[in-house]
Amino acid sequence: MTDISSEVEASEPENTPISSGLTAKPSRPPLPRILAIANQKGGVGKTTTTVNLGAALADLGYRVLVVDLDPQGNASTGLGINIRGLQASMYDVILSDVPIEDCVEASSVKNLFVAPASLDLAGAEIELVPAFSRELRLKHALAEVRDDYDYVLIDCPPSLGLLTINGMAAASEVLVPIQCEYYALEGLGQLMRNVGLVTKNLNPVLEISTIVLVMYDARTKLSDQVAQEVREHFGDKVCRVMIPRTVRLSEAPSYGQPITAFDPTSRGAVAYRELAKEVSGGPA
């Protein structure tokens, strides 16, 4: 990346999704689609993308399940689920073979459901080590309900442990959010190697299908340089729509709502609705 320290001011249009101007990607795979949302770096907008893409897909008429595999439970709380008062959670599904439908909760968004995390998941990495078929627990659980949903979005932890491997083994696609910041590509090589290992050993259909550029700030030259570099690396896997960095996007989780409900006319909401159309190919 050249001249990344120089930043120039540029105007950012209000309420307009940020698009690269590239041609549309080819048609989408058949439903149901199971996507693992993964990036081993923390703070890259992974959970934000899971929650808001899920809500935007549900608004398009798709039936969507968000599977929260992150022990912090941010995808669950971001959709209004109280993770401290659960009868069952993904911990029970992964460790005790509880049917996943027994832990699914309805969100406030029509067509959007959550299989919530609990704090107990923090110990699951260690508890899974001696478990039989430890990498395939989620895949077996989702096999019972996959035909009930059009999209399953799996929010993986910001690490490459057994929970993330479970997410990748259960998915057919990996969606990677990449922030438009200096260290954007840090760790992506390792992520790609791990996806390759999962493909080789556990899940031959898995592929990195979608890259989403997030935290885009049109006022800085850096964001444009990062976006250009990511597009050079990944070509048409990179979505045309880029998600802007906005205060409203960061505020929405504290209200237990996706941005499309919290502030439907904000730039973030408009961008995620456009992203949902691009990822899905349009309304259900």
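Here's a quick rundown of the structure. (Residues numbered from 1 in each chain as written. Predicted model: local features only at pLDDT ≥ 70, side-chain atom pairs only at ≥ 80, totals over all residues. Heavy atoms only, no water.)

**Details of the layout of surface pockets**
The condition is simple: Put simply, the grid is 1 Å and covers the protein atoms alone, a cavity is a trapped set of points that fit a 1.4 Å probe, a pocket is an open set with protein on both sides within 12 Å along at least five of seven lines, and lining residues have an atom within 4 Å of a point. Grid points are joined across faces, edges and corners, and a volume is the space filled by probe spheres set on the points. Helix and strand definitions here come from DSSP, where helices need a minimum of 4 consecutive H or I residues and strands a minimum of 2 consecutive E residues; each element is numbered from the N-terminal end. When residue character is reported, Ala, Val, Leu, Ile, Met, Phe, Trp, Tyr, Cys and Pro are called nonpolar, Asp, Glu, Lys and Arg charged, and the others, Gly included, polar.
Of the volumes computed, that of the largest pocket is approximately 330 Å³. Taken together, 21 residues form the lining of the largest pocket, with Gly45, Lys46, Thr47, Thr48 and Asn74 sitting closest to its centre. Examining the composition of the lining of the largest pocket, we find that five residues originate from one element, helix 1 (residues 46-59), more than from any other. Partitioned by chemical class, the residues of the lining of the largest pocket number eight nonpolar, 10 polar and three charged.

**Side note on the nonpolar core**
Let me state the cut-off plainly: Put simply, buried Ala, Val, Leu, Ile, Met, Phe, Trp, Tyr and Cys residues joined by side-chain atoms within 4.5 Å make one nonpolar core. Burial status follows relative accessibility: with a 1.4 Å probe on protein chains alone, a residue under 20% of its type maximum counts as buried, one over 50% as exposed, and anything between as partly exposed.
Ranked by size, the top nonpolar core spans 56 residues in total, and within it Val67, Met90, Ile100, Leu138, Leu142, Ile154 and Ile178 carry the most contacts. Of all hydrophobic cores here, the second largest spans 37 residues; its members include Val212, Val241, Ile243 and Ile259.

**Side note on the sheet that holds strand 7 (residues 173-179)**
By definition, the strands of a sheet pair up through backbone hydrogen bonds, in either a parallel or an antiparallel sense. To be explicit about the condition: Pairing between two strands requires that DSSP report at least two bridges joining them. Throughout, a contact is declared for two residues whenever any of their heavy atoms are within 4.5 Å. Each axis is a line fitted through C-alpha atoms, and for a helix only the stretch in contact is used; angles between axes span 0 to 180 degrees, taken between their N-to-C directions.
Spatially, 4-5-3-6-2-7-8 is the arrangement adopted by the seven strands of the open sheet, whose pairing is mixed. Looking along the sheet, the strands with just one partner apiece sit at the ends: strand 4 (105-106) and strand 8 (207-214). Relative to strand 6 (residues 151-155), strand 3 (residues 64-68) runs parallel, the two being bridged by five bridges. Residue Val64 lies in a different strand from strand 6, and its bridge partner there is Tyr151. Against the sheet, helix 1 makes contact with strand 2 (33-37), strand 3, strand 5 (112-115), strand 6, strand 7 and strand 8, and its axis sits at roughly 165 degrees relative to strand 6, the strand it touches most. In the packing of helix 6 (residues 162-170) onto the sheet, contacts are made with strand 2, strand 6 and strand 7, and the angle to strand 2 comes to roughly 155 degrees.

**Re helix 11 (residues 267-280)**
The criterion, for reference: Expected span of a helix, by definition, is 1.5 Å for each gap between consecutive residues, and there is one gap fewer than residues.
With 14 residues, helix 11 ought to run about 20 Å at 1.5 Å a step, and its terminal C-alpha atoms sit 20 Å apart, in line with that. Within helix 11, 11 of the 14 residues are buried, leaving the element largely enclosed by the surrounding structure. Residues Arg267, Gly268, Ala269, Val270, Ala271, Tyr272, Leu275, Ala276, Glu278, Val279 and Ser280 constitute the buried set of helix 11. With its phi angle positive at about 90 degrees, Gly281 sits one or two positions after the end of helix 11.

**Focus on the packing of aromatic side chains**
Applied cut-off: Aromatic pairs are defined between Phe, Tyr and Trp rings, using the six-membered ring for Trp, whenever the two ring centres lie within 6.5 Å; interplanar angles under 30 degrees are classed as stacked, those over 60 as edge-to-face, and all others as tilted.
Within this structure, the stated rule accounts for four aromatic pairs. Where Tyr182 meets Tyr183, the ring centres are 4.8 Å apart and the plane angle is 80 degrees; that geometry is what we call edge-to-face. We classify Tyr183 as exposed; its relative accessible area is 52%.

Interpretation note: all reported values are geometric properties and have no functional meaning in isolation.
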